[in-house]
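Overview (structure and organization)
Letter by letter, the chains look like this.
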Amino acid sequence: MKTTKLIIILLLAGIFHTYAQDIITLKSGEEIKAKVEEISSSEIKYKRFDDLKGATVTVSKDAVFFIKYENGTKEIINAIGEESSPATVSGNGYALLHIYRRNAVAALLNYDLHIGDTVICRVRNKWKETIKVDQAGLVTLWARTEAKTELPVTIELGKEYYIRCSVSMGFAVGHPKLELVDEKTGKAEFDAADGDKKK
């Protein structure tokens, strides 16, 4: 009995250890398990997760796609395949994308949502997620099942955007549908969405 309890405790500790970290994803595709300490206008400082008492490491923001924090929040640093506005001032705030999908048709159909070449989340039924975007200018959100759907959005730092995701009828499996919703409607729908607690 004591052995069983010990095994359960060790398994739970391993699960906690897996999720209690930040993950920095570089443009090269490399993932760094870390504890982010500071983000400036040009660089990100972090401790390696396997050596939290060790030296602080610095990486240029230009080399980073996005950061997924231990609480599940994602912050897009550079969206690949997009042209940023010349007026972009990196590091001076961020925009929030509130992305959600309510109970809808084709409930079992999930799809990846992209900004440029970067997958920012997996859209599921009865789900919601908020993503920080640290890049102003025109970006294109898109998703594909049997057909590709695009939604251009002009991002301004300091603002919040509500993106309603759904599925419209298609020939075989349905098409992704993406809509930019006004703040009042979007906030009400986002708050009412079930949300997926799994990160």
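Residues numbered from 1 in each chain as written. Predicted model: local features only at pLDDT ≥ 70, side-chain atom pairs only at ≥ 80, totals over all residues. Heavy atoms only, no water.

1. A short note on helix α2 (residues 183-192)
Because an α-helix completes one turn every 3.6 residues, residues spaced three or four positions apart along the sequence face the same direction. Looking at α2, one finds that the buried residues are Gly186, Glu189 and Phe190. Down the axis of α2, the buried set is contained in an arc of 100 degrees. They therefore lie on one face. Turned more than 90 degrees away from the buried face of α2, the exposed residues are Lys184 and Ala192. On its buried side, α2 packs onto β7 (95-101), β10 (127-133), β13 (160-168) and β14 (175-181). (Buried < 20%, exposed > 50% of the residue type's maximum accessible area, 1.4 Å probe, protein only. Helix = DSSP H or I, 4+ residues; strand = E, 2+ residues; numbered from the N terminus. Arc of directions from axis to C-beta. Contact = heavy atoms within 4.5 Å.)

2. Looking at the nonpolar core
One finds Leu97, Ile99, Leu113, Ile120, Cys121, Leu141 and Val153 to be the most contacted residues of the largest nonpolar core, which totals 27 residues. At the level of elements, β5 (64-68), β7, β8 (111-115), β9 (118-123), β10, β11 (137-144), β12 (148-155) and β13 are the ones that each hand at least two residues to this core. Looking at this core element by element, the count peaks at four residues for β13. Those residues in contact with cysteine 121 that lie beyond four places of it in its chain are Lys74, Ile99, Tyr111, Asp112, Leu113, Trp127, Glu129 and Ile131. Grouped together as the second largest cluster of nonpolar side chains are twelve residues, Ile24, Val36, Ile44 and Ile67 included. (Core = buried A, V, L, I, M, F, W, Y, C linked by side-chain atoms within 4.5 Å.)

3. Some words on the pairing of β11
In this structure, β8 lies alongside β11, joined through two bridges in antiparallel fashion. Bridging across to β11, histidine 114 finds its partner in tryptophan 142. Relative to β12, β11 is paired through eight bridges, and the arrangement is antiparallel. When the bridges of β12 are listed, arginine 144 appears paired with lysine 148. In this structure, the hairpin formed by β11 and β12 is closed by a connection of three residues. (Pairing = 2+ DSSP bridges.)

4. A few points about the pattern of salt bridges
In total, this model carries eleven salt bridges according to the counting rule given. We note a salt bridge from glutamate 156 to lysine 159, for which the minimum N-O separation is 3.4 Å. Classification of lysine 159 by relative accessible area gives partly exposed; the value is 40%. With a shortest N-O distance of 2.9 Å, arginine 164 and glutamate 189 are connected by a salt bridge. On the criterion of sequence distance, the pair formed by arginine 164 in strand β13 and glutamate 189 in helix α2 is long-range, its members being 25 residues apart. The exposure classification of arginine 164 matches that of glutamate 189, with both residues buried. Taken together, the shared-partner salt bridges connect Arg102, Arg164, Glu179 and Glu189 into one network. (Salt bridge = Lys/Arg side-chain N within 4 Å of Asp/Glu carboxyl O.)

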